[in-house]
Amino acid sequence: MRIGVGRKKIRMGDLLVAAGAITEEQLQQALALQKEKGQKLGRTLVEAGFISQELLIATLTRQLGVDYIELKGCKFDDQVLSLIPEDAVMKYNVVPLGFDERNPNVLRVAMADPMDIIAVDDLSIITGSQIEPMLANEDEIAETIGKYYGNHKAMEAAEAYRKEREESMLSEAEEDEYNADIENSPIVLLVKQILEGGVRQRASDIHIEPLESSVRVRYRIDGVLKQVMSYDYSLLSGICARLKIMGGMDISEKRKPQDGRISIMVDRKEFDIRVSMLPTVYGEKTVMRLTSKEGLTRAKSGLGFSAEEEATFDGILSNPNGIILVTGPTGSGKSTTLYTALSELNTEGVNIITVEDPVEANIDGINQCQVNEKADMTFAAALRSILRQDPDIIMIGEIRDGETADIAVKAAITGHLVVSTLHTNSAASTVTRLIDMGIEPYTAGDALKGVIAQRLVRRLCTCKQARYAEEREKRLLGVPEDEDVVLYEPNGCGLCNETGFAGRIGVYEMLTVTRSLQQTIASNAPANEIEKQALSEGMSTLKLSCARHVLNGVTSLGEMRKIVYEAGDEY
């Protein structure tokens, strides 16, 4: 390993200039930016576009004689992680990887800066071993530290808080006041670790639940709840008080449900957290929904459309007026599809106004209004005002009642494009739901231009295992029974936390309202007749869309069964 000559620290910038990867002028510009932003030089160079991440890694590994390691797929042993104390891990931004098999006195350590001689020397003294630095991505190191060391830190904070609480013997009112003193309470660190842990583990929701003698913390990852921590029951009041302060709620109110909103920065990304508190028999249960602006506004290619679905999606959005509805149960990705549609429609020549409850992501160039029931700013009231604001496109967060549906339909018929969401199981049942809300069938047929019904299924991780499909499985997938079909099942590895799944993908059923479908709707036909007509015109059902993902090895048959049962099909 060649890190320095005569134990003198080599500066990364000089090394990259000497290797011809960057120029001296680029180095000076990057050093000025680094001073301004307060971050490592490698990240500054990549963000400024002076060097690619790949070239930076290749140059450093070649010039220094160190290896590069990708931490995402690594499994970490608790005994190895405990070799370096947490304060040293945080201070030097390092992760211990394990001892060299050939030389048990050499400890491999992942570092963002393998040229940091001071860090290498200190770690050698702390561990009593020779340190072999390995280059790793700075973001992956931060994510690993947050994932594997955060719990220890949180548990220490929890224990410190419990001891302080026992010693202080405060009354309930004094305790709330104490918890409000954010500078002195270790509960701040505990709540911070819970929130950051949720973000780093890709959780969509965080549940903090009071049980009879403990407090359980669960993360919803890829649609499935997973317990991550359990604390002493005495911590509940402190956690709730801290979240109420952060969310702008009343800390003295414990008998009524409360809602709040928190914004936090984690790993240089901003996250918006909607907080809901509900009194239960054992205390207040908290559920937090995590969203990021980047997560909601994405390119069409990131939604999982097939070529045919993308063409249908574009066709539906090309309508100059009418209603476009996105439907599905809670947590099926409706908001993401809706925001993607708005981003597609957002041009200089149109006036887009939204009314939402709440506004989930801010989009430049779009006028967004938030529902406020206390101020009589309901969906219906906001819509009436919006129609006097010369809109071209109106987005309604959700059509909840007949009054909102009526105004939306009238707006669509008078030349506006209205996009909204509705809670229904299929595209065809969306039409009948509108009619049930009091919209005349002939008006619904005239106003409606397209319906997108959707669900989310979990993507299989790269560790998936192949097997041949059985006969009944082939029937479900709609493939010939005499044909050999390969299916994939979840396995589990370090990359996916042993779940076998990593991320989710959308499954869609897109109904374009043609002239013949308009006539079917106008005749007040039931949902099954509307679906039959749409299928004859080439609509792909949720089942068929999911079957395509199963046959392509994107998801498993188990995930498809959830869609099939929801859609009411037989298995």
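Details of the structure are given in the entry above.
Residues numbered from 1 in each chain as written. Predicted model: local features only at pLDDT ≥ 70, side-chain atom pairs only at ≥ 80, totals over all residues. Heavy atoms only, no water.

Caption draft 1: How the structure looks around the overall build of the protein chain. If you tally the helices and strands in the protein chain, you get 24 helices and 18 strands. Taking all 571 residues of the protein chain together, 49% fall into the buried category. Taking the intrachain contacts of the protein chain between residues at least 6 apart in sequence as the baseline, contacts between residues at least 24 apart amount to 62%. Surface summary for the protein chain: the accessible area is close to 27,400 Å², and the carbon and sulfur share equals 47%. (Helix = DSSP H or I, 4+ residues; strand = E, 2+ residues; numbered from the N terminus. Buried < 20%, exposed > 50% of the residue type's maximum accessible area, 1.4 Å probe, protein only. Contact = heavy atoms within 4.5 Å. Areas by Shrake-Rupley, 256 points an atom, 1.4 Å probe, with all protein chains shown as cover.)

Caption draft 2: Expanded view of the pairing of strand β13 (residues 393–396). The alternating pattern of β13 places Ile-393 and Met-395 and Ile-394 and Ile-396 on opposite faces, both of which are buried. In this sheet, β13 lies alongside strand β11 (residues 352–356) in parallel orientation, the contact comprising four bridges. Across the sheet, residue Val-355 finds its bridge partner in β13, namely Ile-396. Inspection of the sheet shows β13 paired to strand β14 (residues 417–422) by four bridges, in the parallel sense. Paired with Ile-396 across the bridge in β14 is Ser-420. Traced from β13 through helix α17 (residues 402–413) to β14, the parallel crossover comes out right-handed. (Pairing = 2+ DSSP bridges. Right-handed = clockwise from strand over helix to strand, strands pointing away.)

Caption draft 3: Main features of the packing of aromatic side chains. Following the criterion strictly, the structure yields two aromatic pairs and no others. Aromatic pair Phe-305 and Phe-313: ring centres 4.9 Å apart, planes at 40°, arrangement tilted. Taking the relative accessible area as the measure of exposure, Phe-305 reaches 12% and is therefore buried. By the ring-pair criterion, three or more aromatic residues cluster together here, those being Phe-305, Phe-313 and Tyr-508. The residue whose ring lies beneath Arg-458 is Phe-501, and the NZ or CZ to ring-centre distance is 4.0 Å. The side chain of Lys-464 reaches across the aromatic face of Tyr-488, ending 4.8 Å from its centre. (Phe/Tyr/Trp six-rings, centres within 6.5 Å; stacked < 30°, edge-to-face > 60°. Lys NZ or Arg CZ within 6 Å of the ring centre and 35° of its normal.)

Caption draft 4: Focus on the nonpolar core. Core analysis: the largest hydrophobic core is formed by 40 residues, its most contacted members being Ile-323, Val-355, Ile-396, Val-418, Leu-448, Leu-511 and Ile-530. Counting 31 residues, the second largest nonpolar core, distinct from the first, contains Ile-187, Val-191, Tyr-219 and Ile-273. (Core = buried A, V, L, I, M, F, W, Y, C linked by side-chain atoms within 4.5 Å.)

Caption draft 5: Layout of the layout of surface pockets. The space that makes up the second largest pocket amounts to roughly 570 Å³. Put simply, the parts of the chain that give the lining of the second largest pocket at least two residues each are α1 (12–18), α2 (24–37), α3 (41–47), α4 (53–64) and α8 (138–148). Residues that form the lining of the second largest pocket fall into these classes: 13 nonpolar, six polar and ten charged. (1 Å grid on protein atoms, 1.4 Å probe; cavity = no way out; pocket = protein on both sides within 12 Å on 5 of 7 lines; lining within 4 Å. Points joined across faces, edges and corners; volume = space filled by probe spheres on them. Nonpolar A, V, L, I, M, F, W, Y, C, P; charged D, E, K, R; others polar.)

Caption draft 6: Structural detail: the environment of Thr-144. Counting through the fold element by element, Thr-144 comes out in helix α8. Sequence-wise, Thr-144 and Lys-72 are 72 residues apart; in three dimensions their C-alpha atoms are separated by 8.1 Å. Other than its neighbours up to four places away in sequence, Thr-144 contacts Leu-71, Phe-76, Val-95 and Tyr-149.

Caption draft 7: Main features of the pattern of salt bridges. Counted under the stated rule, the structure contains 25 salt bridges. Close ionic contact of Asp-406 with Lys-410 constitutes a salt bridge, the shortest N to O distance being 3.0 Å. Placement of both Asp-406 and Lys-410 in helix α17 is noted, with a separation of four residues, approximately one turn of the helix. Through salt bridges that share partners, Asp-100, Arg-102, Arg-108 and Glu-132 make up one connected network. (Salt bridge = Lys/Arg side-chain N within 4 Å of Asp/Glu carboxyl O.)

Caption draft 8: Just helix α11 (residues 187–200), in detail. Helix length check: α11, at 14 residues, gives a terminal C-alpha distance of 20 Å against a target of 20 Å (1.5 Å per residue), a fit within 8%. For α11, the tally of buried residues reaches eleven of 14 residues, placing the bulk of the element in the interior. Taken together, the buried positions of α11 are Ile-187, Leu-190, Val-191, Gln-193, Ile-194, Leu-195, Glu-196, Gly-197, Gly-198, Val-199 and Arg-200. Phi for Arg-202, located one or two positions after α11, is positive at around 65°. (Expected span 1.5 Å × (residues − 1).)

Caption draft 9: Here's a closer look at the sheet that holds strand β18 (residues 501–512). The seven strands are arranged β12-β11-β13-β14-β10-β15-β18 in an open sheet whose pairing can be described as mixed. Each having just a single partner strand, β12 (367–370) and β18 make up the two edges of the open sheet. The sheet shows a mean angle of 20° between the axes of neighbouring strands, taken without regard to direction. Set on the sheet, helix α15 (residues 334–345) makes contact with β10 (322–327), β11, β12, β13, β14, β15 (448–460) and β18; between it and β14 the angle comes to about 170°. (Axes fitted to C-alpha atoms, helices over the stretch in contact; angles between N-to-C directions.)

Caption draft 10: Looking closely at the packing of helix α21 (residues 515–522) against helix α22 (residues 527–536). Running from amino to carboxyl end, α21 crosses α22 at an angle of 170°, the nearest separation of the two axes being 10 Å. Taken together, α21 and α22 sit at an angle that is classed as roughly antiparallel. When α21 is examined against α22, the residues Ser-516, Leu-517, Thr-520 and Ile-521 are found in contact with a partner set consisting of Glu-529, Ile-530, Gln-533 and Ala-534. (Parallel < 35°, antiparallel > 145°, perpendicular 65-115°, else oblique.)

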